[in-house]
Amino acid sequence: MAVVTALLSAAAAQSGAKPALHDERGITSYVEFGGTSDSAGQAYELNSSVGYDFTQHFGFAVGAPIYFVRPSSTTGGTSVNGFGDPYLALHLKYPRPALNFSSALTGAAPFGDSKKGLSTGRATFDWTNHFDHAFSSLTPFAEVGIANTIADSRLFIRPYTTLGFNTHFKTGVSYDLWKFFSVGASGYDILPSGQQTVFSRVTFGQGNTGSVNHGRVFQNNQQTTGSASIAHDDGFSTWIDANPGRSLDLELGFARSLVYDLNSVAFNIGVNLGQLYHRGQK
């Protein structure tokens, strides 16, 4: 489900392939490679999508992520490579002088291996709405959504995935520094409700025994089912973006989960193949 955040990041400054959201109608395509490193290990994702914009407001994209996970030696896991869940994303966008609005509804099919944390083994969805307004070089933004899984963000490929209903929020600001450089910061809150299941990407079978450190159930067992508290998370992230060309996106970031006491560093390299295609047509 990492695609949701990336879909919306085209409107403002979170895992996955983002479509070429521009005013031209027609084919869109985006490919992105990114990675996150933290005390649980390293997780890398190659995510590509292809879609079509029917109007300047509405379009769709389909794609599938490929994961490369290298757990820390302390988690008891082994390296994993594999496909995640293929997805279909429908997106709306309405840029306005007073307020920009975009919305993405993403559904994913259970294709990946849940025993490796690459899927929940169930169909999942995420509906996220994004709002922003630019004040010269400063752009505050906010997002709110509902889902039955916790999506990765562009700055946090999680060492786990989840199955269970949640409401999620994010608010932050981006600032254009100079030419094609910008910086940003945001805070997030994920509020699960009802039964939750956490699927670890870094632990297989039974991992570390004993007490759960900072609520990190993903470091103790490959699959944990429990109350909403096992999937609750909140934290913040900061990043620097560079867009040296209309078709190239570069990003370095830092994220901290306050609930898990987990610090992560991340990078992303994205190429907008759709824009390259349309530029070639002209």
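Residues numbered from 1 in each chain as written. Predicted model: local features only at pLDDT ≥ 70, side-chain atom pairs only at ≥ 80, totals over all residues. Heavy atoms only, no water.

Visitor: Looking at this structure, I do not really get the confidence of the model for the protein. What am I missing?
Guide: The predicted coordinates should not be examined in detail at positions where pLDDT is low. Confidence in the prediction for the protein averages 88 pLDDT; 88% of positions are at 70 or higher. Low pLDDT (under 50) marks residues 2-22, which in the prediction has 92 contacts with non-local residues, meaning those over four places away or in another chain. (pLDDT = per-residue confidence, 0-100. Contact = heavy atoms within 4.5 Å.)

Visitor: Explain the sheet that holds strand S9 (residues 160-163) here, please?
Guide: Sheets are built from strands paired through backbone hydrogen bonds, the pairs being either parallel or antiparallel. Taken in spatial order, the three strands line up as S9-S12-S13 in an open sheet, and their pairing is antiparallel. Among the strands making up the open sheet, the edge pair consists of S9 and strand S13 (223-226). When strand polarity is set aside, the average angle formed by the axes of neighbouring strands in this sheet is 20 degrees. (Pairing = 2+ DSSP bridges. Helix = DSSP H or I, 4+ residues; strand = E, 2+ residues; numbered from the N terminus. Axes fitted to C-alpha atoms, helices over the stretch in contact; angles between N-to-C directions.)

Visitor: Which parts of the structure should I look at to understand unusual backbone geometry?
Guide: Glycine aside, the phi torsion of most residues is negative, and most peptide linkages are trans. In this structure, serine 136 is a non-glycine residue whose phi angle is positive, near 60 degrees. By the secondary structure assignment, serine 136 is in the loop between strand S7 (124-132) and strand S8 (138-147). We note that aspartate 261 has phi near 50 degrees; this positive angle belongs to a residue other than glycine. Within the element layout of this structure, aspartate 261 appears in the loop between strand S15 (248-257) and strand S16 (262-271). With relative accessibility at 31%, the residue aspartate 261 sits in the partly exposed group. (Buried < 20%, exposed > 50% of the residue type's maximum accessible area, 1.4 Å probe, protein only.)

Visitor: Mind showing me how you'd approach the pattern of salt bridges here?
Guide: Pairs can form between side chains of opposite charge once their charged atoms are near each other. Under the criterion given, the structure shown has six salt bridges. Residue lysine 170 pairs with glutamate 143 through a salt bridge whose shortest N-O separation is 4.0 Å. A residue pair is termed long-range when its members are at least 10 positions apart, and lysine 170 in strand S10 (residues 166-178) and glutamate 143 in strand S8 qualify at 27 residues. Here the two residues lysine 170 and glutamate 143 agree in accessibility, since each one is buried. The partner of arginine 154 in a salt bridge is glutamate 251, with the nearest N and O atoms 3.9 Å apart. Of this pair, arginine 154 sits in the loop between S8 and S9 while glutamate 251 sits in strand S15; the two residues are 97 residues apart in sequence, bridging distant segments of the chain. (Salt bridge = Lys/Arg side-chain N within 4 Å of Asp/Glu carboxyl O.)

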